[in-house]
Amino acid sequence: MPGVSWRSKPTRNYIETGSISHVVGYVGDISKEELVSLYNENYTNNSIVGKMGIEKQYDSLLQGKPGSENLTVDVRGRVISNELQVEPPQMGKSLVLTIDMRIQELVEKALGERVGAAVVLRPSNGEILAMVSYPFFDQNLFNSDDASAQFARLRDAKNNPLVNRVVNAIYPPASTFKTIMTTAILSERSIPAAKKINCPGKIVHGTQTFRCHNRGGHGWLDLDDALAQSCDVYYWVVGRDNLGVDRIANYAKEFGFGESLEIDLPSQATGFVPTAQWKERRYHTKWFDGDTMNMSIGQGYTLVTPLHVANMMAMVANSGKIYRPHLLKEVREPSTNEIVSETKPEILHESNIEAGVWREVQRALRYVITDGTPQWPMENKLVKIAGKTGTAEVGYLDRWHAWMAAYGPFDAPVEDQVCVIVLVEAVNDWDWWSPYATNIIFQGIYANQTYEQAVQSLPNVRAYAWELSHNKNRRSRTD
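Residues numbered from 1 in each chain as written. Predicted model: local features only at pLDDT ≥ 70, side-chain atom pairs only at ≥ 80, totals over all residues. Heavy atoms only, no water.

## Details of the overall build of the protein
Okay, step 1: Looking only at helices and strands, one finds 18 helices and 18 strands in the protein.
Okay, step 2: With the C-alpha coordinates of the protein rotated into their principal frame, the extents come out at 95 × 55 × 45 Å.
Okay, step 3: Scored against the burial criterion, the 479 residues of the protein give a buried share of 50%.
Okay, step 4: At a minimum sequence separation of 6, the contacts of the protein that also span at least 24 residues come to 67%.
Okay, step 5: A total accessible area of about 23,800 Å² is found for the protein, and carbon and sulfur atoms account for 48% of it.
Okay, step 6: The protein carries 49 positive and 55 negative side-chain charges, and their two centres are separated by 5 Å. (Helix = DSSP H or I, 4+ residues; strand = E, 2+ residues; numbered from the N terminus. Buried < 20%, exposed > 50% of the residue type's maximum accessible area, 1.4 Å probe, protein only. Contact = heavy atoms within 4.5 Å. Areas by Shrake-Rupley, 256 points an atom, 1.4 Å probe, with all protein chains shown as cover. Lys, Arg positive; Asp, Glu negative; His and termini not counted. Charge placed at Lys NZ, Arg CZ, Asp CG, Glu CD.)

In structure tokens form, the structure reads like this:
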């Protein structure tokens with residue numbers, strides 16, 4: 001009809017939404033900037049391209065080639081030749097991810113509606129089995145005519161639902177960093193592991209008083225008990241008097257902190273490991289022993305992503321090896337389902353630390369679970385777990401990020417183990433849910449249970465979950 005025109009536009013319909021949104025990402029109209037960089041790769045100003053996640057990372061594999069039909073016409077649009085020239089479209093490749101949707105759903109429910117992140121990593125090859133960041137979003141919102149408005153709404157929303165907290169948000173590692181400190185102490189032999197240090201609940205350094213999380217003090221502790229009870233005084237003393245900032249920084253980098261983890265996503269934070277030279281250049285002031293003390297317990301300037309902490313646990317489980325974490329498992333031909341390529345395990349870093357040191361660190365992390373701070377929430381009769389808690393102080397607001405970093409089954413070959421990291425941000429009401437969520441995830445994976453079944457199988461978790469629900473209901477009534 002005169003004055004009426006039409007155009008077709010391909011859209012991506014996402015069947016799986018929720019927490020998988022940060023992994024898969026979404027597509028949208030190509031921007032001017034993208035067209036400039038992609039023009040020589042057969043993209044046009046009508047192209048739909050990946051904007052985030054796997055969609056963006058592997059856009060060239062997913063694109064395929066559009067088809068065309070050509071007729072010869074004159075200047076008035078009248079057909080001169082009826083010979084139709086057809087170029088059929090070529091489908092893009094099919095991608096198979098490492099994500100296990102059963103585990104993904106389990107982790108999503110275990111974290112719940114808490115602002116934070118959780119990741120499950122296979123330490124023997126770097127496969128990501130689950131990656132959850134909350135809040136998340138529905139990718140299908142970007143299929144609508146008001147996609148720009150939807151993007152603006154999500155961009156400006158509270159708690160940044162567009163941010164993948166597993167790889168793009170950075171936090172102090174808190175006491176999970178004591179895993180690295182323990183490795184450094186044993187490797188450097190800076191102090192005998194059996195030597196005890198007294199924790200009176202605080203330590204005075206210069207004009208400052210540093211207080212342990214146990215204000216009453218832990219008493220005399222050796223290295224095993226210091227890690228299990230997460231004694232700040234022990235690590236303050238050893239970090240300041242026996243290790244020093246340079247060696248601590250070197251061991252942190254040995255575990256991959258402060259560096260890109262090279263995961264196959266279009267963006268990721270590298271985190272940060274401070275040094276004395278950096279502080280002098282940045283703030284024009286010297287590095288103090290108090291800075292070393294803060295660094296020794298994972299506070300101060302050190303910043304990591306949850307994926308960095310997952311790789312830290314993977315290095316312990318692997319006795320010194322970190323594999324490049326990845327999400328792509330296979331590339332397949334869509335018409336035949338034939339495998340075109342597979343992602344092979346790739347060593348990202350291999351440490352020279354002695355095998356005996358790794359065995360001691362592994363044993364110490366198991367002792368944390370059986371006799372340390374997370375003994376109650378991490379009790380599990382099916383899976384033997386090793387790990388470390390962490391509570392990161394946020395400013396002076398009396399608020400904390402809650403970490404749980406673990407791997408297991410402790411008595412299984414590394415090929416059968418997984419690393420589980422759960423972080424609950426300080427913006428949530430404090431409920432110390434991270435170790436409970438971690439236990440649920442291990443139970444669900446190895447008992448092949450749903451979230452609900454796993455909670456019922458863990459008496460301590462079930463009791464605490466009921467208490468949280470009861471207190472929440474009570475608060476809502478009194479408010």
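Alright, that's what it looks like, and here's the rest.
## Observations regarding the pairing of strand β10 (residues 208-211)
Okay, step 1: As paired strands, strand β9 (residues 202-205) and β10 are joined by four bridges and run antiparallel to one another. Each residue of the ladder has a partner; that of Ile203, found in β10, is Phe210.
Okay, step 2: Linkage of β9 to β10, two consecutive antiparallel strands, is achieved through a turn of two residues, within which Gly206 is found at a positive phi near 60°. (Pairing = 2+ DSSP bridges.)

## Section: the sheet that holds strand β6 (residues 116-121)
Okay, step 1: Taken together, the five strands give an open sheet; going across it, the order is β7-β6-β18-β17-β16, and neighbouring strands pair in antiparallel fashion. Looking at the sheet topology across the chains shown, the edges are occupied by β7 (128-134) and β16 (386-394). Geometrically, the sheet is characterised by an average inter-axis angle of 5° between neighbouring strands, direction not taken into account.
Okay, step 2: The pairing of β6 with β7 spans six bridges and is classified as antiparallel. Each residue of the ladder has a partner; that of Ala117, found in β7, is Ser133.
Okay, step 3: Set on the sheet, helix α15 (residues 355-371) makes contact with β16 and β17 (399-408); between it and β16 the angle comes to about 70°. (Axes fitted to C-alpha atoms, helices over the stretch in contact; angles between N-to-C directions.)

## Quick word on helix α10 (residues 232-243)
Okay, step 1: The buried count for α10 comes to nine of 12 residues, which makes it a mostly enclosed element.
Okay, step 2: Within the sequence span of α10, burial applies to Asp232, Val233, Tyr234, Tyr235, Trp236, Val237, Val238, Gly239 and Leu243.
Okay, step 3: After α10 finishes, the residue Gly244 shows a positive phi value of roughly 85°.

## So, the sheet that holds strand β5 (residues 94-97)
Okay, step 1: Spatial ordering of the open sheet is given by β5-β13-β14, a layout of three strands whose pairing is antiparallel. Edge positions in the sheet fall to β5 and β14 (339-342), since each of these pairs with one other strand and no more. On average, adjacent strands in this sheet sit at an angle of 25° to one another, irrespective of strand direction.

## Considerations on the packing of α10 against helix α11 (residues 245-254)
Okay, step 1: At a minimum axis separation of 7 Å, α10 and α11 run at an interaxial angle of 110°. The orientation of α10 with respect to α11, classified from their angle, is roughly perpendicular. Between α10 and α11, the contacting residues are Gly239, Asn242 and Leu243 on the first element and Val245, Arg247 and Ile248 on the second.
Okay, step 2: Looking at the contact of α10 with α11, its residues break down into three nonpolar, two polar and one charged. (Parallel < 35°, antiparallel > 145°, perpendicular 65-115°, else oblique. Nonpolar A, V, L, I, M, F, W, Y, C, P; charged D, E, K, R; others polar.)

## Topic: the nonpolar core
Okay, step 1: Of all hydrophobic cores here, the largest spans 87 residues; its most connected members are Ile128, Tyr234, Tyr235, Leu307 and Trp403.
Okay, step 2: Examining the composition of this core, we find that nine residues originate from one element, helix α14 (residues 306-317), more than from any other.
Okay, step 3: Sequence-distant contacts of Ile128, that is, excluding residues within four places in its chain, are made with Thr98, Ile99, Val119, Val120, Leu121, Ile263, Leu307, Pro325, His326 and Leu327.
Okay, step 4: Counting residues in hydrophobic clusters, the runner-up holds 34 residues, among them Val107, Tyr134, Trp433 and Ala454. (Core = buried A, V, L, I, M, F, W, Y, C linked by side-chain atoms within 4.5 Å.)

## Details of the environment of Tyr171
Okay, step 1: Following the sequence through the fold, Tyr171 ends up in the loop between α7 (165-168) and α8 (178-188).
Okay, step 2: Assessed through its relative accessible area of 3%, Tyr171 is described here as buried.
Okay, step 3: Counting along the chain gives 232 residues from Tyr171 to Trp403, while the straight-line C-alpha distance between them is 10 Å.

## As for the packing of aromatic side chains
Okay, step 1: A full pass over the atoms with the stated rule returns 19 aromatic pairs.
Okay, step 2: Ring geometry for Trp433 and Tyr464: centres 6.4 Å apart, planes at 15°, overall stacked. Linking Trp433 in the loop between β18 (418-424) and α16 (434-446) with Tyr464 in helix α18 (residues 459-478), this pair joins segments that are 31 residues apart in sequence. Assigned by exposure class, Trp433 and Tyr464 land together as buried.
Okay, step 3: A cation sits over an aromatic face here: Arg282 above Tyr283, 4.9 Å from the ring centre. (Phe/Tyr/Trp six-rings, centres within 6.5 Å; stacked < 30°, edge-to-face > 60°. Lys NZ or Arg CZ within 6 Å of the ring centre and 35° of its normal.)

## What about α15?
Okay, step 1: In a regular helix each residue adds 1.5 Å, so 17 residues correspond to 24 Å; α15 covers 24 Å between its end C-alpha atoms and thus fits that length.
Okay, step 2: Buried residues along α15 sit against α8, α9 (223-228), α14, β16 and β17. (Expected span 1.5 Å × (residues − 1).)

## Regarding the environment of Pro374
Okay, step 1: The residue Pro374 is located in the loop between α15 and β16 in this model.
Okay, step 2: The buried category is assigned to Pro374, whose relative accessible area is 0%.
Okay, step 3: Once you skip the residues sitting within four places of it in the chain, Pro374 turns out to touch Val368, Ile369, Thr389, Met404 and Trp432.

## A word on the packing of α8 against α15
Okay, step 1: Where α8 meets α15, the closest approach of the two axes is 10 Å, and the angle between their N-to-C directions is 140°. It follows from the interaxial angle that α8 and α15 lie oblique. Where α8 crosses over α15, the handedness of that crossing is right-handed. Between α8 and α15, the residues in contact are Thr179, Thr183, Leu186 and Ser187 and Val357, Trp358, Glu360, Val361 and Leu365, respectively.
Okay, step 2: Its residues assigned to classes, the contact of α8 with α15 comprises five nonpolar, three polar and one charged. (Left-handed = near helix turned anticlockwise from the far one by under 90°.)

## With respect to the pattern of salt bridges
Okay, step 1: Tallied over the entire structure, the rule returns 21 salt bridges.
Okay, step 2: A salt bridge links Asp232 to Lys178; the nearest nitrogen and oxygen atoms lie 2.7 Å apart. Taken as a pair, Asp232 in helix α10 and Lys178 in helix α8 lie far apart in primary sequence, 54 residues in all. When sorted by exposure, Asp232 lands in the same class as Lys178, which is buried.
Okay, step 3: Between Glu354 and Arg189 there is a salt bridge, with the nearest N and O atoms lying 3.3 Å from each other. Taken together, the residues span a long stretch of sequence, with Glu354 in the loop between β15 (347-350) and α15 and Arg189 in the loop between α8 and β8 (197-199) at a distance of 165 residues.
Okay, step 4: A residue is classified by how much of its surface remains accessible, and Arg189, at 58% relative accessible area, is exposed.
Okay, step 5: Counted as one network, the salt bridges with shared partners bring together Glu105, Lys109 and Glu452. (Salt bridge = Lys/Arg side-chain N within 4 Å of Asp/Glu carboxyl O.)

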